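Notes for the structure review
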Amino acid sequence: MHKLAQLDHRYLWHPFTQMRDWLKREPIVITSGKGTVLRDVHGKEYLDANSSIWTNLHGHRHSKINAAIQRQLKKISHSSALGFANEPAALLAAKLAEAANRIYELRFTNDAPTVKPARKSQIANHKLEKVFFSDDGSTAMEVALKLAYEYARRTGRSKNPKFLSLANAYHGDTVGAVSLGHIELFHKAYAGLLFKSDTVMSPYCYRCPFNRAKPVRADAREYRKCNWECVDKVEHRFATQKKSGNPYAAFVFEPLIQGAAGMIAQPKSWLRRVTEIARGHGAQLIADEVMTGFGRTGQLSTSPFACHHEGLQPDFMALAKGLTGGYLPMAATLTTQSVFDVFLGDYEEFKTFFHGHSFTANQLGAAAALASLEVLQSKASIRARQRLEQTLRDELKTLWPLPNVGDIRQVGLIVGVELVKDWRTRKPFDLRERAGIRVCEAMARRGVLTRPVGNVIALMPPYCTTMKQARRMVSSLRDSIDEVLAG
Ligand SMILES: Cc1ncc(COP(=O)(O)O)c(C=O)c1O
């Protein structure tokens, strides 16, 4: 075993990993990367098919992002945001606010005819003008949660603000973010530490009890037969809570697709419908764009955010993962002037938002993020993303003949392939059979790295992935399913 692998075995504890299994075999030790390719200590090359857990946007060692970090290194790496401003963080906050408010341009210039905000109220007075920096997706959500909580209390909406989030939601691992989550496997153990949040059905068409359609070889969202019962459930939840005299303070969701829930993609217009209901009941909207942000859900005119695909502007937008192009841990929570204003007051009123982190507004992260945003908005990147999305769409069709492929869900550059015992019955694998894990291990042997979400295989390549590499990702998935599950 390589000496670095030995050190890892001796000292490291890996996230979301059964360490007994980990210690049974030599881990892949990554030493370098370029574009979509990762290289290990033995010189073996792999394709980074999940963008290093959904973080990397433009590929590893990108010349523009490297150069931006190096330029910043020559000035300063970090100074505190407690008491001081800094150059790249100020510039970045302005750029993020600009990007997050592109929905207003879309509407007024009419350059995205597919986007129709259902009602003016969906976007009016929700300009995201204030940016609070933190370190990762969990902290970005924690900030949104605390702000929404205090906003509801200070505006008199609720003395004891309550939150509604989706079934199987995952918003991170800090205690507040876990309280908003509803994945039993991850969250049950900590129930005693958490505050209670309510949950409502999310639109998982493939396994929806209201979907009357027999399985066919297509994305279940396309052939579903239902009456939008999942939307009725949301309406019912809000109405019931209102009767209790303490209406929900906020509705929390991942827009277009729930990642860690199993790449559960929402049918078109679901988000618009349910957020209209939430706003109709006076709740604020917390959009977790930690996975979906920065072009992941496909190119929409000039906007890189998933909410805007449904003509929706939330009150809080949480960003992380791709913010720095996947280079450095940095996150942001964007919110409105009206939320900001309830924290204003004379010093001795102590209305201050008492929250922050040592590395808030870190300069290296902000410099990387500025460079990443510039690359993201370039014509070359937009074209590359469109090509990659289409190539994935075409290649994924080759998986339908496999009997163990139940559903294929693609939203832009995010793909989830749900493995089942038999597509005709939709019978799931028991988690103990480790179907997803075994398929990913077989893919790794073929030189393609990704991680399953239960029995769902995620593909989420960096935007610089070539068409040949994309085809290899899908063909290695196909061959691995065949090898591991057939027969
Ligand atoms: C939608 C979503 N929100 C929040 C998080 C938490 O982000 P982090 O792992 O950076 O804390 C994740 C992580 O996967 C996520 O997918």
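Residues numbered from 1 in each chain as written. Predicted model: local features only at pLDDT ≥ 70, side-chain atom pairs only at ≥ 80, totals over all residues. Heavy atoms only, no water.

1. Focus: the sheet that holds strand β16 (residues 448–449)
Here is the rule: Pairing between strands requires that DSSP locate at least two bridges from one strand to the other. A run of H or I in DSSP counts as a helix once it spans at least four residues, and a run of E counts as a strand once it spans at least two, with each numbered from the N terminus. We call two residues in contact when some of their heavy atoms are within 4.5 Å. Only C-alpha atoms enter the line fits that serve as axes; for helices the fit covers just the stretch in contact. Angles between N-to-C directions range over 0 to 180 degrees.
Taken together, the four strands give an open sheet; going across it, the order is β1-β2-β3-β16, and neighbouring strands pair in mixed fashion. The open sheet is flanked by β1 (30–34) and β16, the only strands paired with a single partner. Inspection of the sheet shows strand β2 (residues 37–40) paired to strand β3 (residues 45–48) by three bridges, in the antiparallel sense. Residue pairing across strands places L38 opposite Y46, the latter belonging to β3. Most of the contacts of helix α17 (residues 467–485) go to β3, to which it runs at about 95°, and overall it touches β2, β3 and β16.

2. Observations regarding the confidence of the model for the chain
Keep this limit in mind: pLDDT runs from 0 to 100 and stands for how confident the predictor is about each residue.
A residue-level look at the chain finds 95% of positions with pLDDT of 70 or above and a mean pLDDT of 94. This stretch, residues 108–114, has a pLDDT under 50; its non-local contacts, to residues over four places away or in other chains, come to seven contacts.

3. Some remarks on helix α5 (residues 87–100)
Where we set the bar: In this analysis, the expected span of each helix is defined as 1.5 Å times one less than the number of residues it contains. Only protein chains enter the accessibility calculation, which uses a 1.4 Å probe; a residue is then buried when its area is under 20% of its type maximum, exposed when over 50%, and partly exposed in between. This arc is taken over the directions from the axis of the helix to the C-beta atoms. Distance and chemistry together define a polar contact, namely a pair of N or O atoms within 3.5 Å, with one atom able to donate a hydrogen and the other to accept it when in protein, and with adjacent residues in sequence counting only for side-chain atoms on both sides.
For α5, built from 14 residues, the straight-helix expectation of 20 Å at 1.5 Å per residue is met to within 8% by its first-to-last C-alpha distance of 20 Å. Looking only at α5, the buried set comprises P88, A89, L92, L96, A97, A99 and A100. Along α5, the residues classed as buried sweep out an arc of 160° about the axis, all on the same side. Structurally, the start of α5 carries an N-cap: the backbone nitrogen of A89 is 2.9 Å from a side-chain oxygen of N86.

4. Structural notes on the side chain of S372
In this fold, S372 is placed in helix α14 (residues 363–376). Classification of S372 by relative accessible area gives buried; the value is 2%. Not counting residues up to four positions away in its chain, the partners in contact with S372 are L57, H58, I65, G322, L323, T324 and G325.

5. Topic: the site of the ligand
Which entries qualify depends on this criterion: One heavy atom within 4 Å of a molecule or strand is enough for the residue carrying it to be called near that molecule or strand. Residue polarity follows a fixed list, in which Ala, Val, Leu, Ile, Met, Phe, Trp, Tyr, Cys and Pro are nonpolar, Asp, Glu, Lys and Arg are charged, and the others, Gly among them, are polar.
Residues in close proximity to the ligand include W54, D136, G137, S138, Y170, H171, G172, E254, D288, V290 and K321, which together make up its full environment. The backbone of G137 places a nitrogen or oxygen atom 2.8 Å from an oxygen atom of the ligand. Tallied by class, the residues present in the shell around the ligand amount to three nonpolar, four polar and four charged.

6. Topic: the pattern of salt bridges
Rules: Criterion for a salt bridge: a side-chain nitrogen of Lys or Arg within 4 Å of a carboxyl oxygen of Asp or Glu.
This structure, assessed with the given rule, holds 24 salt bridges. Here E418 and R207 are joined by a salt bridge, their closest N and O atoms 2.9 Å apart. Of this pair, E418 sits in strand β14 (residues 414–422) while R207 sits in the loop between β6 (198–200) and α10 (220–223), and the two are 211 residues apart along the sequence. The class for E418 is buried, based on a relative accessible area of 5%. Judged by relative accessible area, which is 29%, R207 ranks as partly exposed. For D422, the salt bridge identified is with R424, shortest N-O distance 3.5 Å. Salt bridges sharing common partners tie together R207, D407, R409 and E418.

7. Thoughts on the sheet that holds strand β7 (residues 250–253)
Reading across from one edge, β4-β12-β11-β10-β7-β5-β6 is the order of the seven strands in this open sheet, with mixed pairing throughout. Taken across any chain shown, the strands that pair with only one partner, and hence form the sheet edges, are β4 (128–134) and β6. In this sheet, neighbouring strand axes are inclined to one another by 20° on average, regardless of whether the strands run parallel or antiparallel. Relative to strand β10 (residues 284–288), β7 runs parallel, the two sharing four bridges.

8. A few points about the pairing of β2
On a regular strand, one side chain projects to one face of the sheet and the next to the other, so that they alternate. Taking every second residue as pointing to the same face, the buried face of β2 carries L38 and D40, while none of V37 and R39 on the other face is buried. Pairing geometry for β1 and β2, over four bridges, is antiparallel. Paired with S32 across the strands is R39, a residue of β2. What sits between β1 and β2 in their antiparallel hairpin is a turn of two residues, with G35 showing a positive phi close to 60°. Between β2 and β3, which pair antiparallel in sequence order, lie four residues; one of them, G43, sits at a positive phi of approximately 85°.

9. Details of the domain arrangement of the chain
For clarity, the cut-off: Residue ranges assigned to each domain were obtained from an automatic or database domain assignment. Summed over both partners, buried area is the accessible surface (1.4 Å probe) that two parts give up on being assembled.
Looking at the chain, the domain boundaries give domain 1 (44–62 + 380–485) and domain 2 (75–376). Taking only C-alpha atoms into account, the centre of domain 1 sits 26 Å from that of domain 2. Listed by partner, the interface residues are 45 residues for domain 1 and 39 residues for domain 2. Around 3500 Å² of area is buried between domain 1 and domain 2 when both sides are counted, 54% of it from carbon and sulfur atoms. Summed over the shared surface of domain 1 and domain 2, the number is one salt bridge. Counting the contacts that link domain 1 with domain 2 gives 25 residue pairs in polar contact (both at pLDDT 80 or more). For the side of domain 1 that touches domain 2, the leading source of residues is strand β13 (residues 405–411), giving seven residues. When the residues that make up the side of domain 1 that touches domain 2 are grouped by side-chain class, the tally is 23 nonpolar, 13 polar and nine charged.

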